[in-house]
Amino acid sequence: MSEPAPGPRAIDPGDHSSGDLYRLLISMIVPRPIAWVGSRGADGVDNLAPFSFFMGVGSKPPMIALSVARGSGGALKDTARNLLGGGEFTLSLPMVSEAALVAGSAAPLPAGVSEFSALGIDQVEGLRVGACRPAAAALSLECVVRHALDLDSTHLFVAEVLMFHVAPGLLEDDPRPRVRDGATDPLARLGGADYAALGRRFSQPTPSAAAVLAAFAAAQGEP
Ligand SMILES: Cc1cc2nc3c(=O)[nH]c(=O)nc-3n(C[C@H](O)[C@H](O)[C@H](O)COP(=O)(O)O)c2cc1C
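Attention here is on the structure that accompanies the text. Quick caveat, the model's predicted, so the values are computed rather than measured. (Residues numbered from 1 in each chain as written. Predicted model: local features only at pLDDT ≥ 70, side-chain atom pairs only at ≥ 80, totals over all residues.)

**Things to note about the overall build of the chain**
So, step 1. A count of helices and strands for the chain gives five helices and twelve strands.
So, step 2. Considered along the principal axes of its C-alpha atoms, the chain spans approximately 70 × 55 × 30 Å.
So, step 3. Pairs at least 24 residues apart make up 58% of the contacts formed inside the chain by residues separated by at least 6 positions. (Helix = DSSP H or I, 4+ residues; strand = E, 2+ residues; numbered from the N terminus. Contact = placed C-beta atoms within 7 Å.)

Right under this line is the structure:
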C-alpha cells in the first residue's frame, strides 16, 4: 500500500529569525513588482534603491504602500531615513532591460555617494517632489508619505501619488489614461537573487454572480 501524500508543512514564525522569515516570505510571494525609489537626504544627496515589498493600495487619492526593512544592527536604510524626513520621493517601475542597474542600486554604497552618479543613471527632478527619478524610466510616480508605521523589522510607508509620468507611446489612444497591455516589459522579483519577466498573458474576466450561481447549481445537478 502506498503512503498517503504528506500534507503541507506548518512553519511557525516564532521558531525563526527575522532573516529566515524574510527569505521565506520573498520565496513565497512571487512574482513581486519593484519600486525603484528616488529620494533625497538632508545632505542633498540623491538616493536610488529598489524595494519589492510594494503595491498599489488606493485610487482616489492614488496611494501606494512600500516597506523598507531595517538594515544590519537595526540601522535605518537611506531610503527609510529620507522618507521619514522629507517624505517626498519618486517611484519608478523598472523594465527587464534595467535589471543590472536595479541590482546595482541595491549595493550599500558609502554615505554621501549617490546611486545615480555611481551607476551613471541620468536623473530628472520631480515636478511636485524634491527627489529625482531615472530620466529613462518608462513609468514613474511622484509620491509623498501620508502614513509611516514602525513594524520593528521594517517601516511601512503609505504614500499618495502626486504625479504620474508615462513615456511616449505607452498609453492607449483614449482620453482616460491607461498603459497599453503588452506595451512594457516589467521586471519582477522572485526569491533570492532571481528576477522574472512576464510570461504568457491570458484574459480571465470576472463572471457575474448570476453566472457563478448558475454554474454551481448545474454542478449540483439542480434544475
Ligand atoms: C530587486 C530588489 C528588491 C528589494 N526589495 C527590498 C524590500 O522590499 N525591502 C528592503 O528593505 N530592501 C529591499 N531590497 C534591498 C535594498 O534595495 C538595499 O538594502 C538597498 O541598499 C537600500 O538602499 P538605501 O540604503 O539607499 O535605502 C531589495 C533589493 C533588490 C535588488
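**Describing helix α2 (residues 78–85)**
So, step 1. Asp 78, Thr 79, Ala 80, Asn 82 and Leu 83 are the residues of α2 that are buried.
So, step 2. On its buried face, α2 is in contact with β2 (35–40), β3 (46–51), β5 (62–69), β6 (88–92), β9 (139–150) and β10 (154–166).
So, step 3. The first or second residue beyond α2 is Gly 87, which carries a positive phi of 80 degrees. (Buried ≥ 20, exposed ≤ 12 C-beta atoms within 10 Å, placed from the backbone.)

**A short note on the environment of Ser 92**
So, step 1. Relative to the helices and strands, Ser 92 is located in strand β6.
So, step 2. With 23 C-beta atoms counted inside 10 Å, the residue Ser 92 sits in the buried group.
So, step 3. Ser 92 sits 78 residues away from Leu 170 along the chain, and the two C-alpha atoms are 15 Å apart.
So, step 4. When neighbours within four sequence positions are excluded, Ser 92 is seen to be in contact with Trp 36, Arg 133, Pro 134, Ala 137, Leu 139 and Ser 140.

**Quick look at the nonpolar core**
Considering soluble globular proteins, one finds that nonpolar side chains tend to be buried as a cluster.
So, step 1. Among the nonpolar cores identified, the biggest contains 25 residues, and Ala 35, Trp 36, Val 37, Phe 51, Leu 66, Phe 89 and Leu 91 are the most heavily contacted of them.
So, step 2. For this core, the secondary structure elements donating two or more residues are β2, β3, β5, α2, β6, β9 and β10.
So, step 3. Setting aside chain neighbours within four positions, we find Leu 91 in contact with Ala 35, Trp 36, Val 37, Ile 64, Ser 140, Leu 141 and Cys 143. (Core = buried A, V, L, I, M, F, W, Y, C linked by C-beta atoms within 7 Å.)

**Notes on the sheet that holds strand β11 (residues 188–189)**
So, step 1. Strand order in the open sheet formed by three strands is β1-β11-β12, and the pairing between neighbours is antiparallel. Here the strands that pair on one side only, and so sit at the sheet edges, are β1 (32–33) and β12 (195–196).
So, step 2. Both β1 and β11 contribute to a ladder of two bridges, which runs antiparallel. Along β11, the bridge assignment pairs Arg 32 with Arg 189. (Pairing = 2+ DSSP bridges.)

**Quick word on the site of the ligand**
So, step 1. Every one of the 18 residues lining the ligand counts as a neighbour, but Ala 49, Ala 69, Lys 77, Asp 78 and Thr 79 are closest to it.
So, step 2. Those elements that provide at least two residues to the shell around the ligand are β3, β5, α2 and α3 (99–104).
So, step 3. In terms of residue count, the dominant contributor to the shell around the ligand is β3 (four residues).
So, step 4. Residues that form the shell around the ligand fall into these classes: eleven nonpolar, four polar and three charged. (Near = placed C-beta within 6 Å. Nonpolar A, V, L, I, M, F, W, Y, C, P; charged D, E, K, R; others polar.)

**Description of the sheet that holds β10**
So, step 1. Strand order in the open sheet formed by seven strands is β3-β2-β6-β9-β10-β5-β4, with antiparallel pairing between adjacent strands. This sheet does not close on itself; its edge strands, each paired only once, are β3 and β4 (54–59). Pairs of neighbouring strands in the sheet enclose a mean axial angle of 35 degrees, with direction left out of account.
So, step 2. By the bridge criterion, six bridges tie β2 to β3 in an arrangement that is antiparallel. Within the sheet, the bridge partner assigned to Ser 39 lies in β3 and is Asn 47. (Axes fitted to C-alpha atoms, helices over the stretch in contact; angles between N-to-C directions.)

**Focus: the pairing of β4**
So, step 1. Pairing geometry for β4 and β5, over five bridges, is antiparallel. Counted as the bridge partner of Gly 58 is Met 63 from β5.
So, step 2. Two successive antiparallel strands, β4 and β5, enclose a turn made up of two residues.

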